[in-house]
Amino acid sequence: MTTFRHLLSIAFVCYIFKSVHTLECYVCHEQDSNDGKCLKTIKTCEPDHDMCLTEIKWGTTPYWQAGAQKQFYISKRCATKSQCDRTMKKYTASCTHVWYEDWKCAECCGGDKCNYFIISSSAYSRASFILAVLPALLLQLLRKL
């Protein structure tokens, strides 16, 4: 009987800990890089939020301007699994990483502060930009020779 009480006590403590422990995520809204606010602001999520959601957008400012430079807009927040699934599905078609087009991607993870890094980093976009421009530069050089 004593063993049963110990097991019951352990199960109760685990249940209480699970219901008290909530996820922590990095949070920010439409920042131009994954540093500063996106890495210093941490939120304790609501109990029903079990995922950290990161949205990465590449494009011009919200108000279109001729010749405006493209930049990143990074947002991070707490979310439910269904919110993550909906957001990732919504951005699937536009998640191209093509440097000369506007694009949007989303990624989710399920652990404390798991959204520190983002997959769609500026280094990735710079590399694709270099690979896209390099052949044109080489062609110009060859024409001059």
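These notes cover the structure that comes with them.

Definitions and cut-offs
- Residues numbered from 1 in each chain as written.
- Predicted model: local features only at pLDDT ≥ 70, side-chain atom pairs only at ≥ 80, totals over all residues.
- Heavy atoms only, no water.
- Helix = DSSP H or I, 4+ residues; strand = E, 2+ residues; numbered from the N terminus.
- Polar contact = N/O pair within 3.5 Å; in protein donor to acceptor, adjacent residues only side chain to side chain.
- Contact = heavy atoms within 4.5 Å.
- Buried < 20%, exposed > 50% of the residue type's maximum accessible area, 1.4 Å probe, protein only.
- Pairing = 2+ DSSP bridges.
- Axes fitted to C-alpha atoms, helices over the stretch in contact; angles between N-to-C directions.
- Disulfide = S-S within 2.5 Å.
- Arc of directions from axis to C-beta.

### Brief notes about the side chain of Lys76
Inference 1: Mapped onto the elements of the fold, Lys76 is located in strand 5 (residues 71–79).
Inference 2: Polar side-chain contacts of Lys76 include one of 3.5 Å to the backbone oxygen of Cys38.
Inference 3: A polar atom in the side chain of Lys76 sits 2.7 Å from the backbone oxygen of Asn115.
Inference 4: In this structure Lys76 touches Tyr26, Val27, Cys28, Asn34, Cys38, Leu39, Leu53, Thr54, Asn115, Tyr116 and Ile118, once residues within four positions along its chain are discounted.

### Let's talk about the pairing of strand 5
Inference 1: Buried residues dominate strand 5, accounting for seven of its nine residues.
Inference 2: Here strand 2 (residues 28–31) pairs with strand 5 via two bridges, running antiparallel. If you follow Cys28 over to strand 5, its bridge partner there is Lys76.
Inference 3: Where strand 4 (residues 51–59) lies against strand 5, nine bridges are found, and the strand directions are antiparallel. Across the sheet, residue Gly59 finds its bridge partner in strand 5, namely Gln71.

### A word on the sheet that holds strand 2
Inference 1: Pairing is antiparallel across the open sheet formed by four strands, whose spatial order is 2-5-4-6. Each edge of the open sheet is held by one strand with a lone partner, namely strand 2 and strand 6 (103–109). When strand polarity is set aside, the average angle formed by the axes of neighbouring strands in this sheet is 15°.
Inference 2: As judged from the seven bridges shared by strand 4 and strand 6, these two strands associate in the antiparallel manner. Within the sheet, the bridge partner assigned to Thr54 lies in strand 6 and is Glu107.

### With respect to the environment of Phe72
Inference 1: In this fold, Phe72 is placed in strand 5.
Inference 2: Of the residues examined, Phe72 reaches a relative accessible area of 8% and is grouped as buried.
Inference 3: Spatially, the C-alpha atom of Phe72 lies 9.1 Å from that of Asn34, the residues being 38 residues apart in sequence.

### As for the state of the cysteines
Note on terminology: disulfide describes a covalent bond linking the sulfur atoms of two cysteines.
Inference 1: Going through the model one piece at a time under the given rule, you end up with six disulfides.
Inference 2: Sulfur-sulfur distance for the disulfide between Cys95 and Cys105 comes to 1.9 Å. For the disulfide bridge between Cys95 and Cys105, the dihedral angle about the S-S bond is near 100°, and by the sign convention the bridge is right-handed. Pair noted here: Cys95 is in the loop between helix 3 (81–91) and strand 6 and Cys105 is in strand 6, with a separation of ten residues, a long-range link.
Inference 3: Assessed through its relative accessible area of 31%, Cys95 is described here as partly exposed.

### Some thoughts on helix 3
Inference 1: Every buried residue of helix 3 is listed here: Cys84, Thr87 and Tyr91. The buried residues of helix 3 occupy an angular sector of 70° when the element is viewed end-on, so they sit on one face. In helix 3, those exposed residues whose orientation departs by more than 90 degrees from the buried face are Arg86, Lys89 and Lys90.
Inference 2: On its buried face, helix 3 is in contact with strand 4, strand 5 and strand 6.

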